[in-house]
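Okay, here's what each chain looks like letter by letter:
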Amino acid sequence: MFENMLLGLQALADPALLLAVLIGVVGGVIIGALPGLTSTMGVALLIPVTFSLPPQVGLAMLGGIYCASTYSGAISAILLNIPGTSASVATMLDGHPMAKNGEPGRAISLATFASCFGGLVSIVALLFLAPQLAEFSLRFGSPEYFLLAVFGITVIASMSAGAMEKGLIAGALGLILSTVGTHPLTGTMRFTGGVPTLFDGIPLVVSLIGLYSIPEVIDLIDRAKSTHTGAAGVDKTSPFATLRELARQKFNLFRSSLIGIIVGIIPGVGCSVGGFLAYDAAKKGSNNPEKFGNGAAEGLVASETGNNAVTGGTLIPLLTLGIPGNPVTAVLLGGIMIHGLRPGPELFTTNADVTYGFIFSLFLSNLLFVPVGLLLARYGLRIVQVPAGILAPLILSLAVIGAYSLRSSVDDIWIMLAIGALGWGMAALAVPRAPLVLGLVLGTLAEGELARSLALVRGDLGAFGMQLVTRPVALVILILCVSAIIHGIIQHRRDSKMLE
Amino acid sequence: MKLFIKKLAAALGFVTLAGMTPAIAEYPEKPITLIVAYSPGGGTDTAARTVAKFVEKHLGQRLVVENKSGAGGQIGFSALARANTDGYEIGFINVPSIQLVKQLRENVPYEMSDFAPIANIQLDPVVVAVNADSPYQTLSELLDAAKADPGAVNIGADGPQSNNQLQLIVAEDALATKFNFIAFDGSGPAIKATLGGELAASLPSASSAGSHVDAGRLRVLGVFADERSPLFPDVPTVSEAAGVKVPSVGASLRGIAAPKGISDAHKARLEKAFADVMADPDFLAHAETAGLPLKYMDAAAFEAYLQEADAALGKYIDLMK
């Protein structure tokens with residue numbers, strides 16, 4: 001095994017590979033920071049480019065895009081309150097308040113180093129534990145997926161600081177919106193009004209753009225009209241000062257990485273859920289949970305570590321079993337196959353130079369997005385000082401372009417604007433928006449997997465119930481769900497008593 | 001190493017620079033748009049981008065892939081049906097998906113007669129796959145189990161309303177048996193559930209099962225095709241193994257079509273370019289390593305296949321609703 005790894009290390013000496021990683025990382029940071037451009041799109045567009053490159057060089061470039069774009073969604077989340085990717089929704093909860101409090105520099109630095117840490121730990125897991133962890137991913141059947149989605153939905157309690165009822169309403173709204181489109185098992189159309197754009201459901205990325213950018217634009221215009229200048233201060237926090245701060249959060253970093261890796265190796269769950277669950281765990285384990293949502297460093301660090309730890313995790317079932325965990329890795333699988341490589345044990349022996357070369361290049365990608373991201377952010381920070389009269393139309397145009405470009409569809413612009421109106425209403429009534437995103441992300445998973453679990457036992461509810469308690473992994477998640485709900489109720493009672 | 005850097009630079013130039021226009025004003029004078037009805041990175045998209053790259057040499061122009069994804073292909077197919085007929089907008093069509101969408105849904109704004117087939121590129125049959133540890137060694141053993149308790153044996157595949165489900169329904173009809181069909185979000189998740197032991201068998205596409213079979217994780221019991229697949233030369237066709245003729249209408253075809261109304265001259269030029277690329281040794285070698293299951297049909301053969309499939313589908317469509 002170590003001889004094979006050495007072969008992979010040699011690949012790093014290839015200047016073409018280093019250049020490929022750099023191109024991938026720079027491209028990935030830009031793609032991730034711009035809402036509407038997704039890493040899936042970036043990777044897919046570059047695949048034909050990688051045909052003519054040696055496999056490890058091409059894969060290194062794709063890996064660079066994947067790691068860097070998962071991170072850089074945090075930049076726009078923190079500075080603009082608009083998530084660059086769905087992975088950075090939980091980051092925004094504390095990242096943007098921190099920036100508003102005049103510390104955008106500190107927020108970006110924390111996010112950057114936390115992402116780097118989570119990414120690196122997950123690649124270590126990929127390097128040493130891939131075969132063992134891949135076996136675990138196969139133990140995830142439909143009942144386990146269903147329970148995991150339910151557990152994810154319980155995180156709503158953590159997302160709705162002090163406003164549990166509003167959070168639940170937002171979460172329910174997200175679940176309702178997730179039912180639009182084709183039923184995952186029967187193919188029945190629901191609430192589509194015969195509009196083909198809605199057959200696949202309400203697109204997540206389009207909703208994210210609307211939900212966050214439209215209220216921000218309206219808010220900016222409002223501020224531009226008032227005499228208040230609104231230009232927030234920009235801190236001069238040195239990125240390296242935040243490293244010391246991070247060192248005090250060792251436990252948070254490792255817990256969030258672990259959560260991210262576990263979410264990653266379960267195919268079909270994705271980066272955003274990794275961020276949400278890590279944020280939830282950090283809040284529950286924190287001594288100051290009331291600070292979450294108002295610029296708590298712990299929450300920001302947990303979310304960014306968690307979502308980047310998913311990247312290495314998703315590559316584990318991909319490389320060992322050929323099972324992609326999310327749309328980006330599905331595209332990566334195409335990129336691997338196109339070079340005649342076949343996922344499986346032989347990838348780590350016969351093609352060790354390519355595989356380990358790719359894995360080592362991922363270490364490099366995770367390290368390289370630190371300077372690239374910090375450099376971009378250094379100039380990006382000033383965006384909070386740009387006059388609202390310039391920033392508002394700029395964000396609106398980016399939102400329209402982003403919504404259109406996903407499927408080259410004008411209908412998506414209308415969907416974005418409609419969800420934007422909803423988002424503005426929610427913001428005006430102080431209803432938290434993150435639970436809606438969570439409902440939208442997990443609603444389809446929960447519904448589809450429940451239907452599939454029942455189909456597998458031919459609708460026998462008793463048999464399904466037995467599975468939930470007799471399958472070991474299912475039982476563990478079931479216990480997590482129950483304790484999360486009890487914890488939420490107790491927390492809510494305590495909060496209401498404090499208010500009285 | 002310098003060579004690698006050069007290659008990298010050349011490859012990047014491929015995306016950044018617009019194609020160079022030859023001096024002669026002969027069709028095609030500018031890049032041609034290739035509408036793909038599925039999102040970037042999917043199987044159809046990968047096939048389209050691969051063909052687009054290799055046909056450039058034979059066409060003298062770039063083929064620019066434009067993804068119009070959504071609604072199971074309906075949005076992209078509708079866009080192709082209404083596309084410009086000046087020869088600069090063509091598209092990838094997927095059979096039988098394009099017909100399933102038309103026949104299963106209401107108000108679909110295209111007819112099969114809106115398309116002018118140019119060439120078929122790929123044919124990917126549906127296969128019957130079980131876990132390598134499965135007790136079912138042959139297709140007849142699996143069929144016996146299904147016949148012993150109709151509707152009890154779990155079989156998963158991409159779906160609902162997919163070509164894989166169509167193939168299952170056709171097989172159930174021909175073999176007078178019934179399985180418990182469970183739809184998954186693609187062949188990949190259905191294979192994963194087979195590996196995880198949740199399903200007795202799955203019906204993935206041959207190309208997605210290939211690497212799992214090579215790795216010894218899956219066993220293929222039968223291929224829904226008229227002849228054995230070059231991917232699995234030792235595996236019998238379902239008709240062979242079951243002793244009953246089972247039509248293979250579920251096989252997924254991917255080919256090139258133009259909107260009806262394209263001039264004969266332009267159509268002939270496109271037909272020639274795609275015929276040439278399907279005989280191009282570089283392309284064939286690349287398809288081989290990448291595991292793309294090629295099957296060339298010229299415009300006439302492709303059109304005939306489309307009409308036959310359309311008629312065959314009518315018989316089963318009610319069973320899919």
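Residues numbered from 1 in each chain as written. Chains lettered and ligands numbered in written order. Predicted model: local features only at pLDDT ≥ 70, side-chain atom pairs only at ≥ 80, totals over all residues.

## Points about the overall build of chain A
Regarding its fold elements, chain A presents 21 helices and two strands. For chain A, the C-alpha radius of gyration of 22 Å lies close to 23 Å, the compact-globule estimate for 500 residues. Each principal axis of the C-alpha distribution contributes one length, and for chain A these read about 65 × 60 × 50 Å. Per-residue burial over chain A gives 60% buried out of 500 residues. (Helix = DSSP H or I, 4+ residues; strand = E, 2+ residues; numbered from the N terminus. Rg over C-alpha atoms; globule rule 2.2 N^0.38 Å. Buried ≥ 20, exposed ≤ 12 C-beta atoms within 10 Å, placed from the backbone.)

## Let's talk about the overall build of chain B
Across its full length, chain B carries twelve helices and eleven strands. For chain B, whose C-alpha radius of gyration is 21 Å, the value lies close to the compact-globule estimate of 20 Å for 321 residues. Counting every position in chain B, which comprises 321 residues, the buried fraction comes to 53%. Long-range pairs, those at least 24 residues apart, make up 76% of the contacts in chain B between residues at least 6 apart in sequence. (Contact = placed C-beta atoms within 7 Å.)

## So, the pairing of strand β2 (residues 63-67) of chain B
Residue and element names in this part refer to chain B. In β2, alternate side chains face the same way, and those of Leu63, Val65 and Asn67 are buried while those of Val64 and Glu66 on the opposite face are not. Summarising the sheet, strand β1 (residues 32-36) and β2 pair through five bridges and their orientation is parallel. The residue of β2 that forms the bridge with Thr33 is Val64. Crossover β1 to β2 through helix α2 (residues 43-59) is right-handed. (Pairing = 2+ DSSP bridges. Right-handed = clockwise from strand over helix to strand, strands pointing away.)

## Considerations on helix α13 (residues 271-285) of chain A
Residues and elements named next belong to chain A. Over its 15 residues, α13 runs 21 Å from end to end, which matches the ideal 21 Å to within 8%, given 1.5 Å per residue. The buried fraction of α13 amounts to twelve of the 15 residues, a majority that puts the element mostly inside the structure. Among the residues of α13, those classed as buried are Cys271, Ser272, Val273, Gly274, Gly275, Phe276, Leu277, Ala278, Tyr279, Asp280, Ala282 and Lys283. (Expected span 1.5 Å × (residues − 1).)

## Section: the interface of chain A and chain B
Each side of the interface is counted separately: chain A has 55 residues, and chain B has 46 residues. Elements represented by at least two residues in the side of chain A that touches chain B include exactly α2 (15-33), α3 (39-50), α15 (327-337) and α19 (434-456) of chain A. At eight residues, α3 of chain A tops the list of elements feeding residues into the side of chain A that touches chain B. Of the residues that constitute the side of chain A that touches chain B, the class distribution is 32 nonpolar, 16 polar and seven charged. (Nonpolar A, V, L, I, M, F, W, Y, C, P; charged D, E, K, R; others polar.)

## What to know about the sheet that holds strand β11 (residues 294-297) of chain B
Strand pairs in the sheet, formed through backbone hydrogen bonds, run parallel or antiparallel to each other. Residue and element names in this part refer to chain B. With mixed pairing, the six strands of this open sheet are ordered in space as β2-β1-β3-β10-β4-β11. The sheet is open, and its two borders are formed by β2 and β11, each paired with just one other strand. Put simply, the sheet's adjacent strands are angled 25° from each other on average, direction ignored. Pairing analysis gives two bridges linking strand β4 (residues 115-124) to β11, with the strands arranged antiparallel. Residue pairing in the sheet places Gln122 in a bridge with Leu294 of β11. Each of β1, β2, β3 (89-95), β4 and β10 (252-259) is contacted by α2, which is oriented at about 160° to β2, the strand it contacts most. (Axes fitted to C-alpha atoms, helices over the stretch in contact; angles between N-to-C directions.)

## Examining the packing of helix α6 (residues 104-138) of chain A against helix α11 (residues 239-247) of chain A
Residue and element names in this part refer to chain A. As a packed pair, α6 and α11 sit with axes 9 Å apart at the nearest point and diverge in direction by 60°. Comparing their axes, α11 and α6 come out oblique. The handedness of the crossing between α6 and α11 comes out as right-handed. Residues Arg106, Ser109, Leu110, Phe113 and Ala114 of α6 form the contact with α11, whose participating residues are Pro239, Thr242, Leu243, Glu245 and Leu246. Partitioning the contact of α6 with α11 into residue classes produces six nonpolar, two polar and two charged. (Parallel < 35°, antiparallel > 145°, perpendicular 65-115°, else oblique. Left-handed = near helix turned anticlockwise from the far one by under 90°.)

## So, the confidence of the model for chain A
All names here are of chain A. Within chain A, residue pLDDT values average 90, and 98% of them lie at 70 or more. Averaged over each element, pLDDT in chain A is lowest for α3 (80) and highest for helix α12 (residues 250-265) (96). Low pLDDT, under 50, characterises residues 227-231; the predicted model gives this stretch four contacts beyond four residues in sequence or across chains. (pLDDT = per-residue confidence, 0-100.)

## Comments concerning the pairing of strand β7 (residues 180-184) of chain B
Residue and element names in this part refer to chain B. Extensive coverage of β7 is indicated by the burial of four of its five residues. The pairing of strand β6 (residues 154-158) with β7 spans five bridges and is parallel. Bridge assignment links Asp158 to a residue of β7, and that residue is Phe184. Remark: the β6/helix α6 (residues 163-175)/β7 crossover connection has right-handed handedness.

## Considering helix α5 (residues 89-100) of chain A
All names here are of chain A. With twelve residues, α5 extends 17 Å between its outermost C-alpha atoms, agreeing within 8% with the 16 Å of an ideal straight helix rising 1.5 Å per residue. Every buried residue of α5 is listed here: Val89, Ala90, Thr91, Met92, Leu93, Asp94, Gly95, His96, Pro97, Met98 and Ala99. If you follow the buried residues of α5, they end up packed against α4 (55-80), α6, α8 (156-159), α13, α14 (297-321) and α19. Just past α5, the residue Gly102 takes up positive phi, approximately 90°.

## Quick notes on the nonpolar core
Residues Val43 and Leu438 of chain A together with Leu34 and Ile155 of chain B are the most contacted members of the largest nonpolar core, which totals 259 residues. Top element by residues in this core is α4 of chain A. It accounts for 16 residues. Once residues lying within four places of it in the same chain are set aside, the contact partners of Val43 of chain A are Leu62, Ile65, Tyr66, Val328, Val331 and Leu332 of chain A together with Gly41 of chain B. (Core = buried A, V, L, I, M, F, W, Y, C linked by C-beta atoms within 7 Å.)

## Here's the deal with the environment of Asp158 of chain B
Residues and elements named next belong to chain B. Its place among the elements puts Asp158 in strand β6. The spacing of Asp158 and Asp310 is 152 residues in sequence and 21 Å in space, taken between C-alpha atoms. With residues near it in sequence (within four places) discarded, Asp158 still touches Asn164, Phe184, Gly186, Ser187 and Ala190.

## Focus: the confidence of the model for chain B
Residue and element names in this part refer to chain B. The share of residues in chain B with pLDDT of 70 or more is 92%, and the mean pLDDT across the chain is 90. Across residues 13-24, confidence stays below pLDDT 50; counting only partners more than four residues off in sequence or on other chains, it has eight contacts. The ipTM for the predicted assembly is 0.88, set against a pTM of 0.90.

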